[in-house]
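The chain contents come next:
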Amino acid sequence: MQARWEYLLLPSFVFVVLLIVSSQYVFLKGSFYEDLGLGQIGDTFDWVNYNKFFSDTFYLSTLWITVKVSALATLFTMLLGFPVAYLIARMRSQWAMILLAGVVVSTFVTIVIKVFGLIIIFSADGLLNKFLMGIGIVDTPYTIIGNQTGVVVGLMHFTLGFGVLLLYSVIQTIPRSLEDAAQIHGASRWRMHLRVLLPLSLPGVTVGALMIFNMSMGAFTSAALLGGGRVFTLPVLIQRTMMMEIKYSMAGTLAAVLLIAVLLINLLSVFLLRRLRAARLVIA
Amino acid sequence: MSRVQLSNVVKKFGDFTALHELDLDIVEGEFLTLLGPSGCGKTTTLRLIAGFIQPTRGTILLGETDVTGVAPQHREIGMVFQDYALFPHMTIEENIAFGLKERKYEKSKIDARVRELLKLIRLPDAAERYPSEVSGGQQQRIAVARAVAYPPRVLLMDEPLGALDLKLREAMQFELRRIQQELKITTVYVTHDQTEAMNMSDRIVVMNHGLIEQLGGAEEIYNHPKTKFVADFVGQINLLDAAIVGEDGDWQVAETMATRVKVPRHAEVAQKSAVAVGIRPELLKALPVDASVNGMNSIPGKVKGKTFAGNLVKIFIAVGGDHEVVVEGRPQEWFGEPGDAVQVAWQPQDAIVLTS
């Protein structure tokens, strides 16, 4: 009889069901019962929490801010990460591996440490402001702590290493000879990027951007620390709603909205990519 | 008039010198092949002409223009790559039109030129398809069409047939040569395959360790190699260590494997010089020990082994103890059997005296 290797999957399956699916289920189910505050929930199934969410401009603006800072962080991470990934991918010397190792290591340094570094540099009485005021460029300190710019920077700090790694692996799959061919047949470096590298890396870049976006949408630590209690993204608000306001089912609703928003945006992107692929603007 | 001229070109990569003081004149309209083993500098030379890398010293002229330091896209060169490097997201038509579009040709002109090129490469109906939808040999021809579209001042080819199987490779050799002659385009071709080089080229540059060993036509290089390296790399050759010991009329006398043989007179070689005597396998004969040799040179040997390749037989004979020579002939000839004592014989004029 053939060995049933698939049974080996069973422990991980049980693990996932118990810890992830069941906890999500509790939250999603809870989101359909009215929140009575102080950890109390109603006993009839209805949409009241969702009605509250979609009729309250504070909640809606939180969703909008979350999407906005995540999209901006994704955009800038990709813009900043692409040249770095490109250079490392095209480097012939052993420096490429050293640089890549640097990216990996800095990616896995816990975000708390990294964000506190940012705070020390960028806060109102931080190093940067002391320097700028010292040489007389600014009179009043400018800070990114506690505003959306800060949250975008924090999210970028969180995702940039992943972005570089993802883009690196995408660019590596594009043969260098294609760049040579474009150049020798008359394309400047800029035109080569536009006509060859970009269309060929677009599917990989889209997938990478989605991953960065998803990470940003769910990021709590960097958003909470750099938001300084003044910028509310959904993860920050969920934590606050649950731990400080003790509104469990409202927190469940917020989590459900976040989950659905992320799903919808991902599905839409995949759909758009399919359309591009069908039009042969990018390769499969 | 020379189309491409490299003068005193040196290329170093860190401490490694890939090219030493290279001088090369490529004539208008010729098919020139850079031939040599990997690491000999042939691809470096090609990439220098293309402009992908810059020489450490020296100048490169295209026609009358000094292009040293000029970026590849401004050199008006076409190139065929080893992996073809066709753009997978563009149709065959768009691939061929790539250089024309970069040069901002009018749409109608581009269309006409692409149609003409598709006809030239015998793929008139492939315009709308993608590179992944055609065979390797067809991709190869598309890469050639893209490279000759504008048309370029020089066509460079970097081992373009390396990825094809033997039969297709032979067919493509003639196809490339046909296209080159039809367009009368100056071509620099890089290969490590001597048969390919000899089949296609007007002239061959044999390179080794970043130096030109010899430059000439296929016959000249095969029949009159200047160095042991060329003799050995282009075709197969038996090299016997020898010393010049005297003269015999029009011949010089050399001693090899304890036997005196007559060799063609070599202008630069004085008596007692250590030389190598080279004889191609097809010019050697294996004869029974008691056969008369009629003025041929002969040295005694012992048959070691034999291989049969259909149209020819190769026989391996140990001479002077354990030095092995290869004799090549028709299957119907006499060769002896493994273990037999034989004479290895050749006409004196068929040997080549090599000093380096």
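What counts and what doesn't
- Residues numbered from 1 in each chain as written.
- Chains lettered and ligands numbered in written order.
- Predicted model: local features only at pLDDT ≥ 70, side-chain atom pairs only at ≥ 80, totals over all residues.
- Heavy atoms only, no water.
- Contact = heavy atoms within 4.5 Å.
- Buried area = accessible area lost by both parts, 1.4 Å probe.
- Salt bridge = Lys/Arg side-chain N within 4 Å of Asp/Glu carboxyl O.
- Polar contact = N/O pair within 3.5 Å; in protein donor to acceptor, adjacent residues only side chain to side chain.
- Helix = DSSP H or I, 4+ residues; strand = E, 2+ residues; numbered from the N terminus.
- Nonpolar A, V, L, I, M, F, W, Y, C, P; charged D, E, K, R; others polar.
- Buried < 20%, exposed > 50% of the residue type's maximum accessible area, 1.4 Å probe, protein only.
- Pairing = 2+ DSSP bridges.
- Axes fitted to C-alpha atoms, helices over the stretch in contact; angles between N-to-C directions.
- Patch = residues over 30% accessible without salt bridge, like charges linked within 9 Å, V, L, I, M, F, W, Y side chains within 5 Å.
- Areas by Shrake-Rupley, 256 points an atom, 1.4 Å probe, with all protein chains shown as cover.
- Right-handed = clockwise from strand over helix to strand, strands pointing away.
- Phe/Tyr/Trp six-rings, centres within 6.5 Å; stacked < 30°, edge-to-face > 60°.
- Lys NZ or Arg CZ within 6 Å of the ring centre and 35° of its normal.

Caption draft 1: Structural context of the interface of chain B and chain A. Taken residue by residue, the interface counts 26 residues in chain B and 21 residues in chain A. For the chain B and chain A pair, buried surface summed over both sides reaches about 2,100 Å², with 58% attributable to carbon and sulfur atoms. Among the residues of chain B in contact with chain A, B:Gln73, B:His89 and B:Glu102 are the three that bury the most area, contributing 30% of the side total. Here chain B and chain A share 3 salt bridges between them. A salt bridge links A:Arg191 to B:Glu102, with the nearest nitrogen and oxygen atoms 2.9 Å apart. On inspection of chain B and its partner chain A, the count reaches 9 residue pairs in polar contact (both at pLDDT 80 or more). Among the elements of the structure, α1 (42-50), β6 (77-80), α3 (98-102) and α5 (136-147) of chain B are those that each provide at least two residues to the side of chain B that touches chain A. In terms of residues, the side of chain B that touches chain A owes the most to one element, α3(B), which gives 4 residues. Here the residues of the side of chain B that touches chain A sort into 15 nonpolar, 4 polar and 7 charged.

Caption draft 2: Broad picture of the environment of B:Gln54. Residue and element names in this part refer to chain B. Along the chain, Gln54 falls in the loop between α1 and β4 (57-62). Gln54 sits in the partly exposed class, given a relative accessible area of 30%. Sequence spacing of Gln54 and Val70 is 16 residues, and the spatial spacing of their C-alpha atoms is 8.9 Å. Ignoring any residue separated from it by four or fewer positions in sequence, one finds Gln54 in contact with Lys11, Leu48, Thr68, Gly69, Val70 and Arg75.

Caption draft 3: A look at the side chain of B:Glu159. All names here are of chain B. The residue Glu159 is located in the loop between β7 (154-158) and α6 (166-183) in this model. Relative accessible area serves as the criterion here: at 10%, Glu159 is assigned to the buried category. Once residues lying within four places of it in the same chain are set aside, the contact partners of Glu159 are Lys42, Gln82, Val190, Thr191 and His192.

Caption draft 4: Main features of the side chain of B:Thr44. When you line up the elements, B:Thr44 lands in helix α1. Discounting chain neighbours no more than four positions away, the residues touching B:Thr44 are B:Lys11, B:Phe13, B:Ala18, B:Leu19 and B:Ile53.

Caption draft 5: How the structure looks around the environment of B:Val269. Following the sequence through the fold, B:Val269 ends up in the loop between β13 (259-263) and β14 (274-279). Between the C-alpha atoms of B:Val269 and B:Gln252, which are 17 residues apart in sequence, the distance is 9.6 Å.

Caption draft 6: Inspection of the sheet that holds β14(B) at higher detail. Residue and element names in this part refer to chain B. With respect to topology, 5 strands assemble into an open sheet ordered β13-β12-β11-β14-β20, the strand pairing being antiparallel. Both edges of this open sheet fall to β13 and β20 (352-354), since each of them pairs with a single strand only. Averaged over neighbouring strand pairs, the angle between their axes works out to 45 degrees when direction is ignored.

Caption draft 7: Quick peek at the sheet that holds β7(B). Residue and element names in this part refer to chain B. Across the sheet, which stays open at both edges, the 6 strands sit in the order β6-β7-β8-β3-β9-β10 with mixed pairing between neighbours. Taken across any chain shown, the strands that pair with only one partner, and hence form the sheet edges, are β6 and β10 (211-216). Along the sheet, successive strands turn relative to each other by an average axial angle of 20 degrees, direction set aside. Relative to β10, strand β9 (residues 203-208) runs antiparallel, the two sharing 5 bridges. From the neighbouring strand, Asn208 faces β10, where its bridge partner is Leu211.

Caption draft 8: Representation of the pattern of salt bridges within the structure. All chains considered together, the criterion is met by 20 salt bridges over all chains. Residue A:Glu179 is joined to A:Arg189 by a salt bridge in which the shortest nitrogen-to-oxygen separation is 3.6 Å. Taken together, the residues span a long stretch of sequence, with A:Glu179 in helix α8 (residues 176-184) and A:Arg189 in helix α9 (residues 189-218) at a distance of 10 residues. Take A:Arg189: its relative accessible area is 38%, and that puts it in the partly exposed class. A single network of salt bridges, built from pairs that share partners, joins B:Arg122, B:Glu175, B:Arg178 and B:Glu182.

Caption draft 9: Quick look at a nonpolar patch on the surface. On the surface, a cluster of nonpolar side chains totalling about 940 Å² of accessible area is made up of A:Leu10, A:Phe13, A:Val14, A:Phe15, A:Val16, A:Val17, A:Leu18, A:Leu19, A:Ile20 and A:Val21. Inspection of the secondary structure assignment puts A:Leu19 in helix α1 (residues 10-30).

Caption draft 10: Here's a closer look at the pairing of strand β8 (residues 187-191) of chain B. Residues and elements named next belong to chain B. A large share of β8 lies buried, amounting to 5 of its 5 residues. The pairing of strand β3 (residues 31-35) with β8 spans 5 bridges and is parallel. Note on β8: the bridge partner recorded for Leu32 is Val188. This β-α-β element, β7 to α6 to β8, shows right-handed connectivity.

Caption draft 11: Representation of the packing of aromatic side chains. By the definition in use, this model includes 15 aromatic pairs over all chains. For the pair A:Phe53 and A:Phe54, a centre-to-centre distance of 4.9 Å together with 70 degrees between the ring planes defines the contact as edge-to-face. Among the aromatic residues, ring-to-ring pairing joins A:Phe32, A:Tyr33, A:Phe45, A:Trp47 and A:Tyr50 into one connected group. Seen from the ring of B:Tyr150, B:Arg103 lies directly overhead, with NZ or CZ sitting 3.5 Å from the centre. Above the ring of B:Tyr222, the side-chain terminus of B:Arg280 is found at 3.9 Å from the ring centroid.

Treat this as a map of the structure, not an account of what it does.
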